[in-house]
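# A look at the structure
For reference, the chains in residue letters:
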Amino acid sequence: MTLVEEIQALKKEKNAVILAHYYVRPEVQEIADYIGDSFYLSKVAVGLEEQTIVFCGVSFMGESAKVLNPEKTVLMPDMEADCPMAHMADAETIQKMREKYEDLAVVCYINSTAELKKYSDVCVTSANAVQIVKALPNKHIFFIPDRNLAHYIAEQVPEKEFVYNEGFCPTHERLQTEEVLEAKMAHPKAQVLSHPECTKSVLELSDYIGSTAGIIKYAGESACREFIVCTEEGVAYKLQTNNPEKKFYFTKTVPICPNMKKNTLEKILHVLKTGENAVHVSDELREASRKPLERMLELAK
Ligand code: 13P
Ligand code: SF4
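Note that the structure is predicted; figures quoted are calculated from it, not measured.

## A short note on the site of ligand 2
- Inspection of the region around ligand 2 gives Y23, V58, C83, P84, M85, N111, C169, H172, E197, C257 and M260 as its neighbouring residues.
- Here the residues of the shell around ligand 2 sort into eight nonpolar, two polar and one charged.

Structural data, given as structure tokens:
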């Protein structure tokens, strides 16, 4: 049996389902039952029939799946696959901001630990942040952890006053404006598609800004045939398979998230065989971090 056949057989035997983010390796996306952006994956994780979810992404994703489905087993192919940005905020600062602004809403990007979600009023992803922030009754918004997404959302929702936190995604932060300009010079007909975790100067050069799913949808619907993609290179797999006639370019320094790449077929097989790497969230943490996640799912309907 090949590795893929073994995974498929074990998946049936163990009543398991595989979820994968667009940034994981192509061979992992190929065997996944559901592939998507973080909003889609959090929605899909609720109401699955299978007892075991193998989550090919990073730890905040597996953790959210477990929080929303405490009765299920959530397995991570690699427990070290963590998003550095998910830790870039702290409870003390949140508390200080709550004391400073009476009507503050703490809006937490889903790329955050359950511990940070616990102190937040609502979660968002880049696919629903504008819609959710607009719907909040609060005037002041403390957006954690990502400063780039926060600034981008603030521009879309000028009626709110934002308080910023200094978190960032190292992979998107490394994407150089000069290299985007170089790519534009090399491919003058190409449109620039960016994830809002990119810096302001990269976003200013963009024709479209959105989540990974948004970028894939836009590229599919656009009459344009060439694109410069300013996000993690894993999206190329879907972009290229959906649009074989179109061309997709990245900057010279290709953005790679080393954590997403930790998900391999061998590790998927290993966790399916052994049941190792199950995500655990204490009852107390689950109860507290579930509320902002459920509020997101409710407000984004
Ligand atoms: P999406 O919600 O767009 O899939 O992004 C998740 C992420 O980690 C971006 O770096
Ligand atoms: Fe986190 Fe950035 Fe990797 Fe997304 S690309 S998981 S934000 S480190």
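## Considerations on the site of ligand 1
- Around ligand 1, the neighbouring residues are H21, Y23, D37, S38, N111, S126, H172, H195, E197, S211 and T212.
- A distance of 3.1 Å separates an oxygen atom of ligand 1 from a polar side-chain atom of N111.
- Side-chain polar atom of S126 to an oxygen atom of ligand 1: 3.3 Å apart, as the coordinates give it.
- Its free accessible area being 300 Å², ligand 1 has 96% of it covered by the protein chains.
- Tallied by class, the residues present in the shell around ligand 1 amount to one nonpolar, eight polar and two charged.

## Notes on the environment of N138
- Along the chain, the position of N138 falls in the loop between α7 (129-135) and β7 (140-144).
- Note on N138: relative accessible area 17%, which makes it buried.
- When the C-alpha positions of N138 and E161 are compared, they lie 9.3 Å apart, and in sequence the two are 23 residues distant.
- Contacts of N138, omitting those with residues within four sequence positions, involve D103, L104, A105 and K160.
- At a separation of 3.1 Å, a polar atom in the side chain of N138 contacts the main-chain carbonyl oxygen of D103.

## Concerning the sheet that holds strand β3 (residues 52-56)
- The four strands are arranged β2-β1-β3-β4 in an open sheet whose pairing can be described as parallel. Since the sheet does not close on itself, it has two edges, and those belong to β2 (34-36) and β4 (73-75), each with one partner. Pairs of neighbouring strands in the sheet enclose a mean axial angle of 20°, with direction left out of account.
- The sheet contact formed by strand β1 (residues 16-21) and β3 spans five bridges and is parallel.

## Quick word on unusual backbone geometry
- Cis geometry is adopted by the peptide bond preceding P145, which originates at I144 and carries an omega value of -20°.
- Mapped onto the secondary structure, P145 falls in the loop between β7 and α8 (147-156).
- Phi is positive for N277, which is not a glycine, with a value near 65°.
- Along the chain, the position of N277 falls in the loop between α14 (265-274) and α15 (283-299).
- According to the relative accessible area criterion, N277 is partly exposed, its value standing at 22%.

Rules behind the numbers
Residues numbered from 1 in each chain as written. Chains lettered and ligands numbered in written order. Predicted model: local features only at pLDDT ≥ 70, side-chain atom pairs only at ≥ 80, totals over all residues. Heavy atoms only, no water. Near = heavy atom within 4 Å. Nonpolar A, V, L, I, M, F, W, Y, C, P; charged D, E, K, R; others polar. Polar contact = N/O pair within 3.5 Å; in protein donor to acceptor, adjacent residues only side chain to side chain. Areas by Shrake-Rupley, 256 points an atom, 1.4 Å probe, with all protein chains shown as cover. Helix = DSSP H or I, 4+ residues; strand = E, 2+ residues; numbered from the N terminus. Buried < 20%, exposed > 50% of the residue type's maximum accessible area, 1.4 Å probe, protein only. Contact = heavy atoms within 4.5 Å. Pairing = 2+ DSSP bridges. Axes fitted to C-alpha atoms, helices over the stretch in contact; angles between N-to-C directions.

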